[in-house]
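Coordinate analysis (summary)
Listed below, chain by chain, are the residues.
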Amino acid sequence: MTDIKQDSGGSSNNLIAVSNSEHVSITIQPSSASPPPPLSGKFDLSRLPKTDSALFGRDDELALIDQAWQEDGCNVLVLTAMGGAGKTALMQKWIDDEHWRGADAVYTWSFYSQGSSEDKQASAAEFFDNALAWFGHDGSPIRSEHDRGVKLAELVRRQRTLLVLDGLEPLQHPLGGPMNGALKDKGLLSLCLQLAADNNGLLLISSRQPVMELNGRPHQQQHELEPLNAAAGIALFRAAGIIGTDKELCAAVEAYNGHALSLSLLAKYLSEYENGDIRRQDMLRELTEFPEATRDSLHAFKMMAAYERQLFGSSDLQILFCLGLFDRPAAAEVMSFLRKEGLVGLPNDERVFRAACARLRKQSLLNTDRPEQPQNLDTHPLVRQYFGKRLSELHPESWRQAHVRLYEHFKAAAKELPDTLEEMEPLFAAVRHGCAAGMHNEAVHEVYWPRILRQNEHYLPKKIGAFAADLAVLAHFFAVPWHTPATGLTDHRKAVVLNWAAFRLSALGRLTEAAEPMQAGRDLSIDQEDWKGAAADASNLSELYLTVGDLAQAVVAGRQSVAFADRSGDAFDRMSGRITLADALHQAGELAEAHALFAEAEKMQQERQPEYDRLYSVQGFQYCDLLLAGGAWLEVRGRTEQWLQWRTQGDSLLSQALEYLTLGRAAVQEAIAQAGLPVISGVAPDLACVQPISGYVEPIDGAVERIGGCVERIDGAVERIGGYAEPIRRAVEWLNQAVDGLREAGTEHNLPWGLLARAACRRWAAHFSAAERDLRDCEEIAQRGGMQLHLIDCHLEAARLALASGKAVLGLTAEEHLAAAEDGITKTGYKRRLVEVEQIAAMVQPQGRGVIP
């Protein structure tokens, strides 16, 4: 069976489905891998950028890091300051002086190595790949970003560890924007929160802005570095041999606002070109035109402009221009390629090249080389930014040709169809340089669509689950993420990249950001009379409105999708649009029309693919959700068993996870039927049965649940099952696989489906603590992403759990959860849940309380 859910407005190839008549047997594999032993005496101190600047005026900060490391009470320390303030130099000094004595393990990482531009997207995938391996994870690859963070935190805590993360800001949203500084990567978020809660070592972070998710949490501290004071600035000048009175030196410090990088560059400049005389600094011209200059870069750019004038015509300047082609360190083999090609005026003579690099390091315009990669060239991000901008302005054709050749170089260097993120890195680089050269269409047509996505397979997000890495690549096709596609794209491809970006943002739970490209893509498709693209855009918009809780708009967009698809005449889109509308109507409580549309869509499916006569994948899950709401578990079980027979290796991670979820819910309802429990019309049986089975759990100290190979700690009890043992055994297996699969798929907005279903199963089985853990995870995801329907469902299930356990859940009583759910339903129009509200209200004291009309 081939996955059929589409997420792009591009043309769809006819799907060739391969049938597998052999029944697929799915089993739970108990975790047999023993955890790695704690590390002892393992240190990697090499990944921070090497700075050669002495440190001045940071004694208090050094003492602060000492205190955080040596004393209990601080698990995470975040150092914040503007770019060029000396955050990295501070951490490097503390590490070089071995203040981390007593650590069993030290691991450092700089995110500047993955791109330093704050307006670009970045991925933490490379960090997690390296760190997990370094800390001893040798199990199967972990695709879920959230689970990667949890696993790494677990490994870090196995010994006293100093974990240093430098330059976090590329992975943070801008402060004051819609996401207000939130971390972009779910793995980093879970890592930070896990270590803040429990850490016998220290997580040390530097960034240009605070880690907003840590605010208000215990055991963390965020400290902003102040600019260098007069005494520190004077000490810096004296150490460089600058001549002048204290008053003159103090005036220079104040003129440069105590900006550490600017003062360091000024001192080196005066020593090299002005005989070390501080009075000569007034000869430097003010920076008159540089739009990218900001509060933290203005003075640094002024110094770089002075160096540019002094180095005019030299190999030194050409090397700086060349570094501006990159947003990360330049690898030795890439620099060698550029030199051999004669690009950007780089010297081909090795001695001339090395001598120029040595001079630039002496002037702090190049970082000190790193022993493990001595030939790589790196510099401060502000230096790259300035000289890259100047090269594009002064020599635009050289700028373009260099990027064109780099595009061709990386395109040829990559495996034709890479299988892993590491193998894809050259293709990612090809896209970066191709787009910088204005070759956006070529980068889509030659690299991104055929080799990264593998066309309609959408390999990177769907098969690897690397949505964040994919989004980072997509950013290069935008002039303003995620609003304005690059002007170099055709109108059709503009609509397509808007659609792609919206889909990835939704999958990452960044729903507020996803709405704008969806709307822009739909409008652009309508303007172009691209009805197929407009249908896909409207369908995605309907699903987004549904998730954020705007049911009225979800239905409107669903009807638009049907109308646009009918105009396009595309068989798949006509079917898909009806399913989208049917699902929106189901959530709005319009069950009759929803049933009719699903039946119509399934008939279309039979006409499209007669060998697959039932809806499957995401569409099949949505139909089965409606069927399960009516207790039709037997029909649903038959459908899902058919799906398993159709399954192929090409099915997406999401499709497989939803199969497990549907099977699990059907198995719970089967067990309820076998137990002869009463059900309520209009409420799914697994949600209607609030009280646990009498005598279902027998407490046994320190025991674990063992059901058909599935091992899970649940409240220190062992499950004893009567005649309905088999469906419950299957339900536990399916729902565990569903949650794991949804995490692996990387689609955060879908994960609450699995968590809520498993919480209901655990409540029914009287595993109350485990159920509450699932609800807590669900609540965090829903609140973080503004997923109102999931939040309402969470309140309803929490109310049922509170009634079953007799205790408050997530800090609220059953009545309080019910009130929150009622309020949410009123605001969203989520009328599907009205019968459940009435059922719970009848059980909540005092009896007879009113419910919403």
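Everything below is about the structure printed above this text.
A brief structural summary. The model shown is predicted, which means the values in this text are computed figures rather than measured ones.

Comments concerning the overall build of the protein
Regarding its fold elements, the protein presents 34 helices and 12 strands. Taking all 853 residues of the protein together, the buried fraction comes to 59%. Summed over all atoms, the accessible surface of the protein reaches about 33200 Å², with 49% contributed by carbon and sulfur.

Observations concerning the side chain of Q220
Of note, Q220 is situated in strand β6 (residues 220-224). In this structure the side chain of Q220 is engaged in a polar contact, spanning 3.3 Å, whose partner is the backbone oxygen of R217. When sequence neighbours within four positions are dropped, the list of residues in contact with Q220 reads V76, L214 and N215.

Quick notes on the packing of aromatic side chains
Going through the model one piece at a time under the given rule, you end up with 25 aromatic pairs. Their ring planes at 15° and their centres at 5.7 Å tell us that W449 and W500 sit as a pair that is stacked. With W449 in helix α16 (residues 440-452) and W500 in helix α19 (residues 491-507), this residue pair connects regions lying 51 residues apart in the sequence. In this structure, W449 and W500 share a single accessibility class: buried. Ring centres 5.2 Å apart and planes at 80° place the aromatic pair F478 and W482 in the edge-to-face group. Judged by its relative accessible area of 4%, W482 is buried. Joined through ring pairs, the aromatic side chains of W109, F111, F127 and F128 make up one cluster. For R160, the ring lying beneath its charged end belongs to W69, and the centroid distance is 3.8 Å. For the cation-ring pair, R339 lies above F353, with the distance from its terminal atom to the ring centre recorded as 4.2 Å.

Quick look at the packing of helix α27 (residues 653-675) against helix α30 (residues 751-764)
The description of two helices packed together rests on the angle between their axes and the distance between the axes. Two elements in contact, α27 and α30, have axes whose closest approach is 10 Å; the angle formed by their N-to-C orientations is 25°. Overall, the two elements α27 and α30 adopt an arrangement that is roughly parallel. Remark: the crossing between α27 and α30 carries left-handed chirality. Facing α27, whose interface residues are L658, L661, R665, V668, A671 and I672, α30 presents W753, G754, A757, C761 and W764. Considering only residue class, the contact of α27 with α30 consists of nine nonpolar, one polar and one charged.

Describing the sheet that holds strand β3 (residues 105-110)
Taking strand neighbours across the sheet as the criterion, the six strands line up as β1-β3-β4-β5-β2-β6 in an open arrangement whose pairing is parallel. Bordering the open sheet on either side are β1 (42-44) and β6, each of which pairs with just one other strand. Put simply, the sheet's adjacent strands are angled 15° from each other on average, direction ignored. Across five bridges, strand β2 (residues 76-80) lies against β6 in parallel orientation. When the sheet's bridge partners are listed, L79 is paired in β6 with H223. Each of β2, β4 (161-166) and β5 (202-207) is contacted by helix α5 (residues 186-197), which is oriented at about 140° to β4, the strand it contacts most.

Section: unusual backbone geometry
Cis geometry is found at the peptide bond from P481 to W482, where omega equals -10°. By secondary structure assignment, the location of W482 is in the loop between β7 (478-480) and β8 (484-485). Positive phi, normally seen in glycine, also occurs at L810, with a value near 55°. Looking at where L810 falls in the secondary structure, it is placed in the loop between α32 (788-805) and α33 (814-828).

Focus: the pairing of β5
Of all six residues that make up β5, six are buried, and the element is covered over most of its length. As judged from the five bridges shared by β2 and β5, these two strands associate in the parallel manner. Each residue of the ladder has a partner; that of T80, found in β5, is S207. Sheet analysis places β4 next to β5, joined by four bridges and oriented parallel. The partner of L165 across the bridge, within β5, is I205.

Some words on the packing of helix α11 (residues 332-340) against helix α14 (residues 396-413)
Look at α11 against α14: their axes get within 11 Å of each other, and the N-to-C directions meet at 130°. Relative to α14, the element α11 is oriented oblique. The crossing of α11 and α14 is right-handed. Here α11 contributes E333, V334, F337 and L338 to the contact with α14, which in turn contributes R405, L406, H409 and F410. Of the residues in the contact of α11 with α14, the class split is five nonpolar, one polar and two charged.

What about α5?
The α-helix winds at 3.6 residues per turn, so residues separated by three or four positions along the chain end up facing the same way. Here α5 contains 12 residues, and its C-alpha end-to-end distance of 16 Å stays within 8% of the 16 Å for a straight helix at 1.5 Å per residue. Extensive coverage of α5 is indicated by the burial of nine of its 12 residues. K186, G187, L188, L189, S190, L191, C192, L195 and A196 are the residues of α5 that are buried. Sitting at the head of α5, D185 places a side-chain oxygen 2.8 Å from the backbone nitrogen of G187.

Here we look at the pattern of salt bridges
Two side chains with opposite charge may pair up if their charged atoms get near one another. Inspection of the entire model under this criterion finds 56 salt bridges. Among the ionic pairs, R280 bridges to E274, the shortest N-O distance being 2.8 Å. With a closest N to O distance of 2.6 Å, R729 and E733 form a salt bridge. Highlighted residues: R729 and E733, both in helix α29 (residues 725-745), separated by four residues, approximately one helical turn. The network of salt bridges with common partners includes R763, D793, E797, R800, R833 and E836.

Things to note about the environment of I142
As for its placement among the helices and strands, I142 is situated in the loop between α3 (125-134) and α4 (145-156). Setting aside residues no more than four positions away along its own chain, I142 makes contact with H137, D147, R148 and K151.

Describing the environment of G438
Note on placement: G438 falls in the loop between α15 (421-436) and α16. Look at G438 and you get partly exposed, because its relative accessible area is 44%. Placed 38 residues apart in sequence, G438 and R400 show a C-alpha to C-alpha distance of 7.8 Å.

Calculation rules
- Residues numbered from 1 in each chain as written.
- Predicted model: local features only at pLDDT ≥ 70, side-chain atom pairs only at ≥ 80, totals over all residues.
- Heavy atoms only, no water.
- Helix = DSSP H or I, 4+ residues; strand = E, 2+ residues; numbered from the N terminus.
- Buried < 20%, exposed > 50% of the residue type's maximum accessible area, 1.4 Å probe, protein only.
- Areas by Shrake-Rupley, 256 points an atom, 1.4 Å probe, with all protein chains shown as cover.
- Polar contact = N/O pair within 3.5 Å; in protein donor to acceptor, adjacent residues only side chain to side chain.
- Contact = heavy atoms within 4.5 Å.
- Phe/Tyr/Trp six-rings, centres within 6.5 Å; stacked < 30°, edge-to-face > 60°.
- Lys NZ or Arg CZ within 6 Å of the ring centre and 35° of its normal.
- Axes fitted to C-alpha atoms, helices over the stretch in contact; angles between N-to-C directions.
- Parallel < 35°, antiparallel > 145°, perpendicular 65-115°, else oblique.
- Left-handed = near helix turned anticlockwise from the far one by under 90°.
- Nonpolar A, V, L, I, M, F, W, Y, C, P; charged D, E, K, R; others polar.
- Pairing = 2+ DSSP bridges.
- Expected span 1.5 Å × (residues − 1).
- Salt bridge = Lys/Arg side-chain N within 4 Å of Asp/Glu carboxyl O.

The values reported here are purely geometric and, on their own, carry no functional implication.
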